[in-house]
Amino acid sequence: VLLRSRDEWLERFPHVPPRTDLEGFAAVPLVSDDHAAGVMGLGYPDVREFDAGDIETLEAIARQGALAL
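Only a predicted model underlies this, so the values are computations on that prediction, with no experimental measurement involved.

### What to know about the side chain of serine 5
Looking at the secondary structure, you find serine 5 in the loop between strand E1 (2–3) and helix H1 (6–12). You can call serine 5 buried: its relative accessible area is 13%. Apart from residues no more than four positions distant in its own chain, serine 5 is found in contact with Glu23, Gly24 and Val47.

### As for a nonpolar patch on the surface
Residues Val1, Phe13 and Val16 make up a contiguous nonpolar surface patch of about 240 Å² in total accessible area. The exposure class assigned to phenylalanine 13 is partly exposed, which follows from its relative accessible area of 32%.

### Quick notes on the packing of aromatic side chains
A complete count under the given rule lists 2 aromatic pairs for this structure. With 5.1 Å between their ring centres and 65° between their planes, tryptophan 9 and phenylalanine 25 make a pair best called edge-to-face. Within this pair, whereas tryptophan 9 is found in helix H1, its partner phenylalanine 25 is found in strand E2 (residues 24–32), the two being separated by 16 residues in sequence. Since its relative accessible area comes to 22%, phenylalanine 25 is described here as partly exposed. Between tyrosine 44 and phenylalanine 50, the ring centres sit 5.6 Å apart and the planes meet at 75°, which makes this aromatic pair edge-to-face.

### Regarding the sheet that holds strand E3 (residues 35–44)
With antiparallel pairing, 3 strands are arranged side by side in an open sheet as E1-E2-E3. Each of the sheet's edge strands pairs with one partner strand only, and the pair in question is E1 and E3. Note: E1 against E2, 2 bridges, orientation antiparallel. Residue pairing across strands places leucine 2 opposite alanine 26, the latter belonging to E2. Helix H2 (residues 52–68) contacts E1, E2 and E3 of the sheet and is inclined by roughly 45° relative to E2.

### Overview of the nonpolar core
Counting 9 residues, the largest nonpolar core is built from Ala26, Val28, Leu30, Met40, Tyr44, Phe50, Leu58, Ala62 and Ala66. Sorting the residues of this core by element identifies E2, E3 and H2 as the ones contributing at least two each. Residues in contact with alanine 26, not counting those within four places in the same chain, are Val1, Leu2, Met40, Gly41, Leu42, Tyr44, Phe50 and Leu58.

Conventions adopted
Residues numbered from 1 in each chain as written. Predicted model: local features only at pLDDT ≥ 70, side-chain atom pairs only at ≥ 80, totals over all residues. Heavy atoms only, no water. Helix = DSSP H or I, 4+ residues; strand = E, 2+ residues; numbered from the N terminus. Buried < 20%, exposed > 50% of the residue type's maximum accessible area, 1.4 Å probe, protein only. Contact = heavy atoms within 4.5 Å. Patch = residues over 30% accessible without salt bridge, like charges linked within 9 Å, V, L, I, M, F, W, Y side chains within 5 Å. Areas by Shrake-Rupley, 256 points an atom, 1.4 Å probe, with all protein chains shown as cover. Salt bridge = Lys/Arg side-chain N within 4 Å of Asp/Glu carboxyl O. Phe/Tyr/Trp six-rings, centres within 6.5 Å; stacked < 30°, edge-to-face > 60°. Pairing = 2+ DSSP bridges. Axes fitted to C-alpha atoms, helices over the stretch in contact; angles between N-to-C directions. Core = buried A, V, L, I, M, F, W, Y, C linked by side-chain atoms within 4.5 Å.

The following block contains the structure:
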């Protein structure tokens, strides 16, 4: 789940308001051997436009985190 801003969060999840003053947010599954070990959540202080490089980096970090778990 990639959310560019607090407004986008509230639009997609109106019954689950963000708990902080962050703008952008990413939630990336931690998957290893086709098993979900958890989710990595990252908050950004400013509105965030996610590009292909951002997504690749988030996925790489998530893979490493899943292996570590």
